[in-house]
2 protein chains.
Amino acid sequence: MMHFLRRILIGRPLHNQEMIREKLPKWKALAIFSSDALSSVAYGPEQIMLILAIPGMLAYGFIGPVAIAILILLAIVTLSYVQVAKANPGGGGSYAVAIHNLGEWPALTAAASLFADYTLTVAVSVSAGTAAIVSAFPELAVHQVVLDIFVLFGILTLINLRGVRESSSTFVIPTYAFIIGIIVLIGAGIFQSFQGTAPAIPPQSLEKQLNFPVFYLLLRAFANGCSSMTGIEAISNGVPMFKEPEVKNATKTTYLMSGILGIMFFGITYLLMHFHILPIEDVTALSQIAEKTFGRGFMYYYIQITTMLVLYLAANTSFNGLPPLLSILAKDGYMPRYLGTRGERLSFSNGIILLSITAGLLIFFYDGNTENLISLYAIGVFLSFTIAQSGMVVHWRKEQGSGWMIRAVLNAFGAVITGIVVIIILVTKFFYGAWMVIVFIPIMIFILKKIRHHYNDMAEQLHLPVDEIEATFNTPIGKNMVIVPIASPTRVVAETLKYAKAISNDVIALHIAIDEESGKRVEKKWESLRTDFKLVVVYSPYRLVIQPLIDYVSKLEKAKAPEDFITVLIPEFETKKNWHRLLHNQTGWVLRTLLILKDNVVVTTIPFHLKK
Amino acid sequence: MMHFLRRILIGRPLHNQEMIREKLPKWKALAIFSSDALSSVAYGPEQIMLILAIPGMLAYGFIGPVAIAILILLAIVTLSYVQVAKANPGGGGSYAVAIHNLGEWPALTAAASLFADYTLTVAVSVSAGTAAIVSAFPELAVHQVVLDIFVLFGILTLINLRGVRESSSTFVIPTYAFIIGIIVLIGAGIFQSFQGTAPAIPPQSLEKQLNFPVFYLLLRAFANGCSSMTGIEAISNGVPMFKEPEVKNATKTTYLMSGILGIMFFGITYLLMHFHILPIEDVTALSQIAEKTFGRGFMYYYIQITTMLVLYLAANTSFNGLPPLLSILAKDGYMPRYLGTRGERLSFSNGIILLSITAGLLIFFYDGNTENLISLYAIGVFLSFTIAQSGMVVHWRKEQGSGWMIRAVLNAFGAVITGIVVIIILVTKFFYGAWMVIVFIPIMIFILKKIRHHYNDMAEQLHLPVDEIEATFNTPIGKNMVIVPIASPTRVVAETLKYAKAISNDVIALHIAIDEESGKRVEKKWESLRTDFKLVVVYSPYRLVIQPLIDYVSKLEKAKAPEDFITVLIPEFETKKNWHRLLHNQTGWVLRTLLILKDNVVVTTIPFHLKK
């Protein structure tokens, strides 16, 4: 039943040889790598406005300058990442760059930042995608979190466990549909604004006043707007997937993506100011702009639905990013081993599940509220940007290729700028949630180091030098004392004793008696059976069954030679029906759990299958 | 740590000999057995009023007649139960009476009714107790369910797991304090009403109009009021606990209890009508009466607090009733065995936990609302009354003692009347929740029968006739093929192989290789070790580890002789720290769970203790 459901939902296992890598043409690569970056125009300009629309501050007019600052930052980061693409570092992103060039600490900082960031990307994109559709259909507002959770577990997790190709063409359509929709929206909006058919801007609303509180707001708005830049590094991580010439194509695609992102970001921000959009609950700014431009017609719904799709797709990019990173971390010993292996569908199933659960918790605790989640966002992104750029500086210096100085300088400049952005985000969003990320990163690094430490310890303890191996097998093998706990002589006991005889000549049947009377009764019955097994009766006036048994084993343990084994045989009923299991107590399980803590005590389960 | 907490909360284990039974004098027995019955005046009259206070129906005046009908019913049930006490049936109540006199079906019906009833008593009494204190301190209203759950798990469950003596004197004080308080309240109220100092009754409010809808309301009010009669059977179940002459003392105590209950019920109902009490949210009727009589002074708080205490005490009586009943059912094979044995504190711990969880769920799903819970209540009580009385008729006929005819007639009359009450409750409360009980009882009977069936089947399968026993031990014992799954030759593998050698000469080391290359590597390494163990390499191109192993075992299983064993040795890491366990996958556990399903396949866990 479970198996059948699994096959339907997840699909048949895939053979090792079914892992193929397709080379992507530029037009396909653009759609696949840029959904995360491009989709952020759905919430980025709004996040700037949310801060500056504060009443009584005359800050709204600063939306324009803040947007321009972000566009400049975008240009710098793009140039830096083109350098990264040229170095062609393969998978792993900032972590891989850092571990090769900067050492363990920066690498783990990058890993922790990326972990925070990938999970936040999922939470933010899913929430924002649902917000887009809730804006169009307000009656869905009460189900927002339920929708988020359904999209996360019912769609994203499932298709990723099936192991969908990153390169599937189905992913290309929504991204282009979204780009076209937004370009049409911007075109129509700007055309109307010049025609004067759109509502005019009240000029006084754009009056500006700069003082210290407003300046602080500007920095906060800038920090919020930086969330638009997440995902810009995706192409540089995917260089090997491009068609030849790989680097050249990747570079071109990066410029193209940044260009489109810049145009869309600028256009949306322009319209947002033009219509003087203000925050409305359960309606996104983009929805307001589309409604003001097109009315509630076909184009409006087109914009909302493609926005939703591209945002869910953006969430999906994290599923292509974090599980491979976890796998690299696992191979380096920083994460549990089982995150390092591919599941039966060739996807990193455990990593996918870990990502889904973490993002699900974030959505749940933040009630699917994009604005609140954004407060946690961006700091991790820019921290990993800074580390990656710094790593690249070291990389160019080591390589000393032609024109390495210019490249190093470009990356150094990027590192400085993104480093400054980290500080701005940290200061302005500290109390709004950035502190959580600041607390999280050191804890995560601590955990990563602890895990590595444990695996190192373990490897040391498991290592068996070749010369010791023969010695191990040539030492005399000790006796094996077998203990069979019995209640009364039933068929189960007979079966268990038969096995005991097969593995040892030193078998003790052990009976725990609650009072002398019942103990005597069992002793008498045992004698009448005339077996050659010794019966030991232990009295337990406190009606405990497990403790006296453990005590008996401990006593034997002290008496035995170090090379001897003690084996405890525990019969286990295998019931015909699942619910029958509830009718049997779990003494066997408890006993097993406690005995296994002892050295040289082996616990053996003898199954007894009930036929009905 | 856990152990320490357990000792603090539950106490040290008790020795078998610490189980003593104290004989109770009448004054103590009254308090101990009657808290359930007497405390119900805190909600019984109110439950009648809630139905009849419906506006526009002129039904309020019928509260009096309905109360009188209930008093008559009380007299009949009391007389019937005095007969039950005379038969002195020991523990188990209706179930015991029915199984000895009426057969399995009525007995199981009684058992199911009692189960429903005991859990409802806990839920209703705890909710009503909290309602009493919330009436006095309205600021607690928002925490009502939390208080209920705390009282249930934090106090009642805990003290019962400790195994408090039913006869503890601390239980006597609240009951008498409650009786005194209510009597003073009734006295003061009636005195004031005759003095004319209390607010006068508006006579028109007591106008009555009888038509079909009102008649139906009267029946519903009567059905609700019957909830006051729960617990009346408690004394007849506890006859052996009375001082000599047991039966005479029990009879006297029953009359006394019924008398007090009748007086209190009548008095409270009188005052309720006198003050024309109407439903107020979060304030009980008794609280309104006490406030109108005494004002918010000492006596008011005294009444509310003693009411709360006696209601919590009433909930506690179920903890003395259901676990022993479950234990009797378990001994008869109708309930899981582990409900039949006493825990280390001599209490039926598992039954106590089952009762607490069920009652907790009821409180949680009904939001601690007494009125809604009452809808489920009483039907089970009266069903078990009817069965017990019918059983007594058969009992007297079988015994044919002196005057058996009169006794039989009295019980038959009781059976008929309580049977009619069952029908009234069923009809009038069907849609208000009684249908749930009607659905529950057959399901419960079905479950009880299924459990018995399973235990019968099992006993049959486990039974080993004496002549077969010797045969079993004299058959030749088969070979034992030992399989040791290995990844690479580490210290763990060496330890495991040593044990394998100790229990068999037929050991196979099994390696699951994901590709040929890694398979070859392991084979080469193995050869270089020059051990005398055979290595088998199995290829798994789908990267599965568990399935190929299971398949290999299945293949061996088909080839082996029926008396041969297959033993699979699974090493298990015992980590130094608990969290390290998260770093190891649970392959061993999964393997064990799957292999144990096979016949004649024994799974042995070899512990490997990591020292750091």
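Residues numbered from 1 in each chain as written. Chains lettered and ligands numbered in written order. Predicted model: local features only at pLDDT ≥ 70, side-chain atom pairs only at ≥ 80, totals over all residues. Heavy atoms only, no water.

**Focus on the side chain of D36 of chain B**
All names here are of chain B. One can find D36 in helix α2 (residues 26–39). Despite its burial, D36 pairs with no opposite charge, the nearest such side chain being K429 at 14 Å. Apart from residues lying up to four places away in sequence, D36 is in contact with T121, T230, G231, A314, T317 and Y377. (Helix = DSSP H or I, 4+ residues; strand = E, 2+ residues; numbered from the N terminus. Buried < 20%, exposed > 50% of the residue type's maximum accessible area, 1.4 Å probe, protein only. Lys, Arg positive; Asp, Glu negative; His and termini not counted. Salt bridge = Lys/Arg side-chain N within 4 Å of Asp/Glu carboxyl O. Contact = heavy atoms within 4.5 Å.)

**As for the environment of H580 of chain B**
Its place among the elements puts H580 of chain B in the loop between β4 (565–574) and α23 (587–595). The class for H580 of chain B is buried, based on a relative accessible area of 6%. Once residues within four sequence positions are removed from consideration, H580 of chain B is found in contact with H454 of chain A together with T575 of chain B.

**Some words on the pattern of salt bridges**
Residues and elements named next belong to chain B. Within the structure shown, the criterion is met by 14 salt bridges over all chains. Salt-bridge contacts for E291 lead to R296; the nearest nitrogen and oxygen are separated by 3.3 Å. What makes E291 partly exposed here is its relative accessible area of 32%. Look at R296 and you get partly exposed, because its relative accessible area is 37%.

**What to know about the sheet that holds strand β4 (residues 565–574) of chain A**
If you trace the 10 strands from one edge of the open sheet to the other, you get β3(A)-β2(A)-β1(A)-β4(A)-β5(A)-β5(B)-β4(B)-β1(B)-β2(B)-β3(B), paired in mixed fashion. Among the strands making up the open sheet, the edge pair consists of β3 (534–539) of chain A together with β3 (534–539) of chain B. On average, adjacent strands in this sheet sit at an angle of 30 degrees to one another, irrespective of strand direction. By the bridge criterion, four bridges tie strand β1 (residues 480–485) of chain B to β4 of chain B in an arrangement that is parallel. For N480 of chain B, the partnering residue across the bridge sits in β4 of chain B and is F565 of chain B. (Pairing = 2+ DSSP bridges. Axes fitted to C-alpha atoms, helices over the stretch in contact; angles between N-to-C directions.)

**Remarks on the nonpolar core**
If you look at the biggest cluster of nonpolar residues, it comprises 138 residues, and the most contacted ones within it are F33, L52, L73, I232 and F382 of chain B. Broken down by element, this core gets its largest block of residues, 17 residues, from helix α6 (residues 104–136) of chain B. In this structure, I232 of chain B is in contact with A37, L74, V77, T78, Y81, M257, S258, L261 and F385 of chain B, ignoring residues within four places of it in sequence. Residues A59, I63, A315 and L376 of chain A belong to the second largest nonpolar core, which totals 134 residues. (Core = buried A, V, L, I, M, F, W, Y, C linked by side-chain atoms within 4.5 Å.)

**Looking at unusual backbone geometry**
Residue and element names in this part refer to chain B. Of note, D282 is a non-glycine position whose phi angle comes to about 65 degrees, a positive value. With respect to the helices and strands, the residue D282 is situated in the loop between α11 (246–274) and α12 (285–294). Judged by relative accessible area, D282 falls into the partly exposed class, the value being 39%.

**Some points on the pairing of β4 of chain A**
Within a regular strand, the side chains alternate between the two sheet faces. All names here are of chain A. Counting buried positions along β4 gives seven out of 10 residues, so the element sits mostly inside the fold. When β4 meets strand β5 (residues 601–609), the two strands line up parallel, connected through nine bridges. Looking at β5, one finds that V568 is bridged to V603.

**Examining the pairing of strand β1 (residues 480–486) of chain A**
Residues and elements named next belong to chain A. With seven of seven residues buried, β1 lies mostly within the body of the structure. What you see with β1 is no split at all: N480, V482, V484 and I486 on one side and M481, I483 and P485 on the other are buried throughout. Sheet topology note: the β1/strand β2 (residues 507–513) ladder contains five bridges and is parallel. When the sheet's bridge partners are listed, I483 is paired in β2 with I508. Between β1 and its parallel partner β2, the chain crosses via helix α20 (residues 491–503), and the hand of that crossover is right-handed. (Right-handed = clockwise from strand over helix to strand, strands pointing away.)

**As for the relation of the copies chain B and chain A**
Once chain B has been moved 0.0 Å along the axis and rotated by 179 degrees, it coincides with chain A to within an RMSD of 0.2 Å. Overall, the copies show the geometry of a two-fold rotation axis. When the interface residues of chain B are mapped onto chain A, 100% of them again lie at the interface, so the same face is used by both copies. (Least-squares fit on C-alpha atoms with pLDDT ≥ 70 in both.)

**Looking at helix α14 (residues 349–365) of chain B**
All names here are of chain B. An ideal rise of 1.5 Å per residue puts 24 Å on 17 residues; α14 measures up with 24 Å between its terminal C-alpha atoms. Of the surrounding elements, those touching the buried residues of α14 are α6, α7 (144–162), α13 (298–331) and α15 (370–376). Downstream of α14 by a residue or two, D367 has a phi angle that is positive, lying close to 60 degrees. (Expected span 1.5 Å × (residues − 1).)

**Digging into empty space enclosed by the protein**
Residues and elements named next belong to chain B. Counted by the stated rule, this structure contains eight cavities of 30 Å³ or more. Computed from the structure, the largest cavity encloses a volume of approximately 80 Å³. For the lining of the largest cavity, the secondary structure elements donating two or more residues are α4 (63–87), α5 (93–101), α6, α10 (234–237) and α16 (379–399). Looking at which element gives the most residues to the lining of the largest cavity, the answer is α5, with three residues. For the lining of the largest cavity, the residue count by class is six nonpolar, five polar and one charged. (1 Å grid on protein atoms, 1.4 Å probe; cavity = no way out; pocket = protein on both sides within 12 Å on 5 of 7 lines; lining within 4 Å. Points joined across faces, edges and corners; volume = space filled by probe spheres on them. Nonpolar A, V, L, I, M, F, W, Y, C, P; charged D, E, K, R; others polar.)

**Points about the side chain of Q144 of chain B**
Residue placement: Q144 of chain B occurs in helix α7. Look past the residues within four positions of Q144 of chain B in its chain and what remains in contact with it is S127, T130, A131, V134, D282 and G368 of chain B.

**A closer look at the interface of chain B and chain A**
With 83 residues of chain B at the contact, the number on the chain A side is 83 residues. Across the chain B/chain A interface, buried area totals approximately 7500 Å², and carbon plus sulfur atoms make up 60% of it. Between chain B and chain A we count two salt bridges in total. In this structure, E572 of chain A and R592 of chain B form a salt bridge, with 3.4 Å as the shortest nitrogen-oxygen distance. (Buried area = accessible area lost by both parts, 1.4 Å probe.)

**Focus on a nonpolar patch on the surface**
Residues F430, F431, Y432, W435, M436, I438, V439, I443, F446 and I447 of chain A make up a contiguous nonpolar surface patch of roughly 960 Å² in combined accessible area. Judged by relative accessible area, which is 41%, V439 of chain A ranks as partly exposed. (Patch = residues over 30% accessible without salt bridge, like charges linked within 9 Å, V, L, I, M, F, W, Y side chains within 5 Å. Areas by Shrake-Rupley, 256 points an atom, 1.4 Å probe, with all protein chains shown as cover.)

**A look at the packing of aromatic side chains**
Across all of its chains, the model carries 22 aromatic pairs over all chains by this definition. Between F115 of chain A and F440 of chain A the ring centres are 6.1 Å apart and the planes differ by 20 degrees, which places this aromatic pair in the stacked class. Of this pair, F115 of chain A sits in helix α6 (residues 104–136) while F440 of chain A is found in helix α18 (residues 434–462), placing the two residues 325 residues apart along the sequence. Its relative accessible area of 27% is what places F440 of chain A among the partly exposed residues. Taken together, a centroid distance of 5.4 Å and an interplanar angle of 25 degrees make the contact between F137 of chain A and Y301 of chain A stacked. Of this pair, F137 of chain A sits in the loop between α6 and α7 (144–162) while Y301 of chain A sits in helix α13 (residues 298–331), placing them 164 residues apart in sequence. Since its relative accessible area comes to 31%, F137 of chain A is described here as partly exposed. Since its relative accessible area comes to 26%, Y301 of chain A is described here as partly exposed. Taken together, the ring pairs connect Y81, F382 and F385 of chain A into an aromatic cluster. Between R337 of chain B and the ring centre of Y455 of chain B, over which it is positioned, the NZ or CZ distance is 4.1 Å. (Phe/Tyr/Trp six-rings, centres within 6.5 Å; stacked < 30°, edge-to-face > 60°. Lys NZ or Arg CZ within 6 Å of the ring centre and 35° of its normal.)

The quantities given are spatial measurements derived from coordinates; they are silent on function.
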